[in-house]
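# Residue-level structure breakdown
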Amino acid sequence: MWRDLLQQQRGDNPPRLSVEDAIVLYEEADFNMLRMVAAERRRVVIPGTEVTYLIDRNVNYTNVCTINCQFCSFYRPPGHHEVYTQTYEEISQRLTELEAVDGVRVLMQGGVNPDLPLEWYTGLIEFLRKEHPGIALDCFSPIEIEGIADVCDLSTIDVLSALKEAGMHGLPGGGAEMLVDDVRLDISPKKGSAENWLRVMMEAQSLGLTTSATNVIGFGETSEHRVKHMDRVRTLQDQSHENGWTGFTSFISWPVQLENNTFGKRNRGNNRYDLGVGPTEYLRHVAISRLFFDNIEHIQASWPTMGLDIAQMAILGGADDIGSTMME
C-alpha cells in the first residue's frame, strides 16, 4: 500500500494525504524512497537548488517562568537565585551586535514572568523599533502572550493588538511541542490544551502578524500523534488561507533534548517511554512533513539540534530552509 501512496504523491498535483495515509507512510514506507519523493515535491514547491536562511539571533529576555515544562532546561522559578530579566539597553546592545553582521531579524522569547506588565513589553517593542528600525521583531510565543494576558487581565487578542501597534512584526512558533493533548498535558500540564496555542496563532494571523509552526518529537509519542499534530497545523493553515490571513510561513520540527531537564530524568530507564529521536527517524519526519503540508511552502531543517551533517541530509530529503544563523 505504501508504494501506491508514494506513487500518487509524485508529480505536480498530487492528492492531499489523509491522516491515515500519512501514518502508513510514516510507519511502512521505504526510507530512501520516501526521501526521494519528498525531494521531488520540494523541487515542485520550491524550484531550483537554493537553500534559504536568515541572519538573526535569539534573545532570551528573561528566564523567569511559572509554567515549569518538564523538558525545559532554561527556565528558573520566581525567586530562584539564577533568575534574570534583561534591561531594554542590554537587549538593544545585542541587536547592535546583530546589525554589525548584517542581521535582519531577532527571535525574542523568554519565560512567563508574572512580574512584567503589558507596558513593559510594549515599551520594549517601541524602544527597539526606534533604535533598530531595520530589524524585524518576532517576539513572544503564544504561551507568553497567554501569560501577559493573565497578568494584565486582558484577552490574548487585546495583547497581540497592543504589541502590533507598538511595532511587533510577528510571533515565534515556539511552545507548540505536540498539539495532541494526550502528550501535551503530560509533558506541560500548566501550558494548557493545544487549542490555546492554535487560538493565539489564529488571532495573530488575523492581525497580519508573521507566524511559523513548530513541532518537538521524541516524548514517547506515536507516529499517529505526530501526524495528528501536523493535521492541526494544516487545518489552521487552511482556515488562514480561506480568510486571507497571513498563515504560517514555515514548519520546523526538532527532537526533544533530554540531557538536563526533569522529563529526561523522570523517564530515564523507564520502559514506558521510547525517548528521543535519532537521525533516521528525524529525517523520516522531515520527509513526511514535506508531503503532508500541501499548504505550507517552507520546511525547515534543524541544524542546532541535529548538527550540520544531518541538516544537509534533511535538505536533500524535503527541506528547503536552514533557519537561523543564530549568533549564539
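In case you missed it, the structure is sitting above this.
These numbers were taken from a predicted model, which means no experiment stands behind them.

The rules behind each value
Residues numbered from 1 in each chain as written. Predicted model: local features only at pLDDT ≥ 70, side-chain atom pairs only at ≥ 80, totals over all residues. Heavy atoms only, no water. Helix = DSSP H or I, 4+ residues; strand = E, 2+ residues; numbered from the N terminus. Buried < 20%, exposed > 50% of the residue type's maximum accessible area, 1.4 Å probe, protein only. Contact = heavy atoms within 4.5 Å. 1 Å grid on protein atoms, 1.4 Å probe; cavity = no way out; pocket = protein on both sides within 12 Å on 5 of 7 lines; lining within 4 Å. Points joined across faces, edges and corners; volume = space filled by probe spheres on them. Nonpolar A, V, L, I, M, F, W, Y, C, P; charged D, E, K, R; others polar. Salt bridge = Lys/Arg side-chain N within 4 Å of Asp/Glu carboxyl O.

Turning to its location among the elements, threonine 52 is positioned in strand β1 (residues 52-54). With relative accessibility at 30%, the residue threonine 52 sits in the partly exposed group. Each C-alpha atom, one on threonine 52 and one on glutamine 237, is 22 Å from the other, the two residues being 185 residues apart in sequence. Setting aside its immediate chain neighbours within four residues, threonine 52 contacts Asp320, Asp321, Ile322 and Gly323.

Looking now at empty space enclosed by the protein. The full count for this structure, using the stated rule, is 1 cavity of 30 Å³ or more. Reported here for the largest cavity is a volume of approximately 30 Å³.

All right, on to the layout of surface pockets then. A volume near 190 Å³ is recorded for the second largest pocket. Lining the second largest pocket are 17 residues; nearest its centre among them are Val45, Phe293, Asp294, Asn295 and Ile296. Going through the elements one at a time, α3 (31-45), α10 (223-243) and β6 (248-255) are the ones with two or more residues in the lining of the second largest pocket. Looking at the lining of the second largest pocket element by element, the count peaks at 3 residues for α3. Counted by class, the lining of the second largest pocket contains 6 nonpolar, 6 polar and 5 charged residues.

With that settled, consider the pattern of salt bridges. In this structure the tally under the stated criterion is 14 salt bridges. A salt bridge links arginine 199 to glutamate 146; the nearest nitrogen and oxygen atoms lie 3.9 Å apart. Residue arginine 199 is found in helix α9 (residues 194-206), and its partner glutamate 146 is found in helix α6 (residues 142-152); the two are separated by 53 residues along the sequence. Overall, arginine 199 belongs to the partly exposed group, its relative accessible area being 31%. Overall, the relative accessible area of 13% leaves glutamate 146 in the buried class. Measuring nitrogen to oxygen at the nearest pair gives 2.7 Å for the salt bridge that ties glutamate 221 to arginine 226. In this structure arginine 226 comes out as buried when scored by relative accessible area, which is 4%. Among the charged side chains, a salt-bridge network with shared partners connects Arg16, Asp238 and Asp294.

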